[in-house]
Amino acid sequence: MTTRRDRDVLHRFVFEDTNVRGVLVHLDASWQAVLERRTYPDPVRTLLGQAMAAVVLLSTTVKYQGSVTLQLRGRGPVTLLVVQVRPGRHVRGIAHWRDPVHTGTLAEVVGEAQLAITIDPGEGMDRYQGIVETGAARTLAQALEGYFERSEQLPTRLWLAADGVRAAGMLLQQLPGAGRDADAWNRLEHLGATLTPGELLQLTDRELLHRLFHEERVRLFEADPVSFRCDCSRERTDALLRGLGIDEVRTLLAEQGRVHVECEFCGHAYDYDAVDVEQLFAAEGQPDVPRTRH
Ligand SMILES: [Zn+2]
């Protein structure tokens, strides 16, 4: 037993003799890495942090080891928010907004918006995407609960919190099949409802589970680490430019003297001069060959 804070970890837990499972996530350095790259107004930062915690929780509800992306597209002030978790529990995220942004409900911060969850199992398997309107949802957690209701049809509750230091979340989910304890879901959901954002951000997972569920038998599994990492690469940027087509890329080159592509998630810059651009398109359609990085 340890009383130190849980940092950048995911903890799964189950309630013994019930069909209710849970997950807790805490993002620290992984959240700081996102905040170091861009300064967000407080309401945007809160929403982005909550979304980062949420996407990690969501990744535990899918069978595959691929990537899970949560995207909010709204009519503003926040116009776009994208968070992603990939194999190895690597997270990244970004938000776009228009000033001014005032603290408010989700509906006020994103306006009329769509919430899309994309699951990419990788290895050539088909992607799955579920989209719901966020409607009048007051919080991201509420909007996600609506998503689960429609797509997964598993009763699911989420609690999300973020500040300038940490982001955290808890998920409770009732799995199919009757547990021996028929009243468990109602009881655990009510106990969970007393959780405050302050407790979620400050307590260790053991403390938190004890505070909420001390009369229940909870089994906490080993922690899984979560970290910030971007998967942008020269190869992906090559593919992006090829997608634009040679005419468009030559125009960019003529205007700017070089083609400069900067990754929004991590700030990494990829530059192409005239020779790079011609090579990019000369190589098109040929089998992949290892290329030298500059
Ligand atoms: Zn990147």
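Examining the overall build of the chain
At step 1: For the chain, the helix and strand inventory stands at 10 helices and 14 strands.
At step 2: Out of the 294 residues belonging to the chain, those deemed buried represent 49%.
At step 3: In the chain, 63% of the contacts between residues at least 6 apart in sequence involve partners at least 24 apart.
At step 4: Accessible area of the chain: about 15,300 Å², with a carbon and sulfur share of 48%.
At step 5: Charge separation in the chain, taken as the distance between the mean sites of 34 positive and 42 negative side-chain charges, equals 2 Å.

As for helix H8 (residues 234-244)
At step 1: Buried within H8 we find Arg234, Thr237, Asp238 and Leu241. Projected onto a plane normal to the axis of H8, the buried residues spread over an arc of 105° and lie on a single side. For H8, exposure combined with an orientation more than 90 degrees from the buried face picks out Arg236, Leu240 and Gly243.
At step 2: Residues of H8 that are buried sit in contact with helix H9 (246-256), strand E13 (259-262), strand E14 (269-272) and helix H10 (274-282).
At step 3: Glycine 245, located one to two residues past H8, shows a positive phi value of around 95°.

Let's talk about the pairing of strand E5 (residues 90-97)
At step 1: The buried fraction of E5 is high, at 6 of 8 residues.
At step 2: Both strand E4 (residues 78-86) and E5 contribute to a ladder of 8 bridges, which runs antiparallel. By the bridge assignment for E5, arginine 86 is matched with histidine 90.
At step 3: With antiparallel pairing between neighbouring strands as the criterion, E4 and E5 make up a hairpin whose turn holds 3 residues, including glycine 88 at a positive phi of roughly 90°.

Here we look at the coordination of the zinc ion
At step 1: Donor atoms from the polypeptide that bind the zinc ion are Cys230 (SG), Cys232 (SG), Cys263 (SG) and Cys266 (SG), placed at 2.3 Å.
At step 2: Because the angles between the 4 donor atoms bound to the zinc ion fall within 103 to 116°, the donor set is best described as tetrahedral.
At step 3: The motif formed by the donor residues of the zinc ion, counted along the single chain, is C-x1-C-x30-C-x2-C. Here cysteine 230, found in the loop between strand E12 (227-228) and H8, pairs with cysteine 266, found in the loop between E13 and E14; they are 36 residues apart in sequence, far enough to count as distant. Like cysteine 266, cysteine 230 is buried.

Looking at the nonpolar core
At step 1: By size, the foremost hydrophobic cluster in this structure holds 60 residues, and its most contacted members are Leu70, Leu81, Leu115, Ile117, Leu144 and Leu160.
At step 2: Counting residues domain by domain, this core receives three or more from each of domain 1 (9-228) and domain 2 (234-282).
At step 3: Leaving out residues up to four positions away in the same chain, leucine 144 has contacts with Ala54, Leu58, Leu70, Leu115, Ile117, Leu158 and Leu160.
At step 4: Counting residues in each nonpolar core, the second largest holds 20 residues, with Trp185, Leu200, Leu201 and Phe213 among its members.

Side note on the side chain of aspartate 6
At step 1: With respect to the element layout, aspartate 6 can be found in the segment before strand E1 (9-15).
At step 2: Looking at aspartate 6, its side chain comes within polar contact range of the main-chain nitrogen of aspartate 205, at 2.6 Å.
At step 3: Those residues within four positions of aspartate 6 in sequence are excluded, and the remaining contacts are His11, His26, Asp28, Arg166, Thr204 and Asp205.

Some words on the sheet that holds E4
Within a beta sheet, neighbouring strands are joined by backbone hydrogen bonds and run either parallel or antiparallel to one another.
At step 1: Read from one edge to the other, the open sheet built from 6 strands follows the order E7-E6-E3-E4-E5-E12, with strand pairing classed as mixed. If you trace the sheet from one side to the other, it starts and ends with strand E7 (128-133) and E12, each paired once.

Focus on the packing of aromatic side chains
At step 1: Within the structure shown, the criterion is met by 4 aromatic pairs.
At step 2: Each ring, one from tyrosine 147 and one from phenylalanine 148, has its centre 5.7 Å from the other, and the planes form 75°; the classification is edge-to-face.
At step 3: Since its relative accessible area comes to 2%, tyrosine 147 is described here as buried.
At step 4: Classification of phenylalanine 148 as buried rests on a relative accessible area of 0%.
At step 5: Taken together through their ring pairs, the aromatic side chains of Phe13, Phe15 and Phe213 make up a single cluster.
At step 6: In this arrangement the basic side chain of arginine 92 is found over the ring face of phenylalanine 265, its NZ or CZ atom lying 4.0 Å from the centre.

A closer look at the pairing of E1
At step 1: The buried fraction of E1 amounts to 5 of the 7 residues, a majority that puts the element mostly inside the structure.
At step 2: In this sheet, strand E2 (residues 20-27) lies alongside E1 in antiparallel orientation, the contact comprising 6 bridges. By the bridge assignment, leucine 10 is partnered in E2 with valine 25.
At step 3: By the bridge criterion, 2 bridges tie E1 to strand E11 (residues 224-225) in an arrangement that is antiparallel. Looking at the pairing, leucine 10 lines up with aspartate 224 of E11.

Topic: the packing of H9 against H10
At step 1: The geometry of H9 relative to H10 is characterised by a closest axis approach of 11 Å and an angle of 175° between their N-to-C directions. Considering their axes alone, H9 and H10 lie roughly antiparallel with respect to each other. Note on element contacts: H10 touches H9 through Ala274, Val277, Glu278 and Phe281, opposite Ile246, Val249, Arg250 and Leu253.

About the cut-offs
- Residues numbered from 1 in each chain as written.
- Predicted model: local features only at pLDDT ≥ 70, side-chain atom pairs only at ≥ 80, totals over all residues.
- Heavy atoms only, no water.
- Helix = DSSP H or I, 4+ residues; strand = E, 2+ residues; numbered from the N terminus.
- Buried < 20%, exposed > 50% of the residue type's maximum accessible area, 1.4 Å probe, protein only.
- Contact = heavy atoms within 4.5 Å.
- Areas by Shrake-Rupley, 256 points an atom, 1.4 Å probe, with all protein chains shown as cover.
- Lys, Arg positive; Asp, Glu negative; His and termini not counted.
- Charge placed at Lys NZ, Arg CZ, Asp CG, Glu CD.
- Arc of directions from axis to C-beta.
- Pairing = 2+ DSSP bridges.
- Donors = N, O, S within 2.8 Å, 3.2 Å for Na, K, Ca; no water.
- Tetrahedral: all angles 85-135°; square planar, octahedral: opposite > 155°, others 65-115°.
- Core = buried A, V, L, I, M, F, W, Y, C linked by side-chain atoms within 4.5 Å.
- Domains from an automatic or database assignment.
- Polar contact = N/O pair within 3.5 Å; in protein donor to acceptor, adjacent residues only side chain to side chain.
- Phe/Tyr/Trp six-rings, centres within 6.5 Å; stacked < 30°, edge-to-face > 60°.
- Lys NZ or Arg CZ within 6 Å of the ring centre and 35° of its normal.
- Axes fitted to C-alpha atoms, helices over the stretch in contact; angles between N-to-C directions.
- Parallel < 35°, antiparallel > 145°, perpendicular 65-115°, else oblique.

Function cannot be inferred from these measures alone, as they are strictly geometric.
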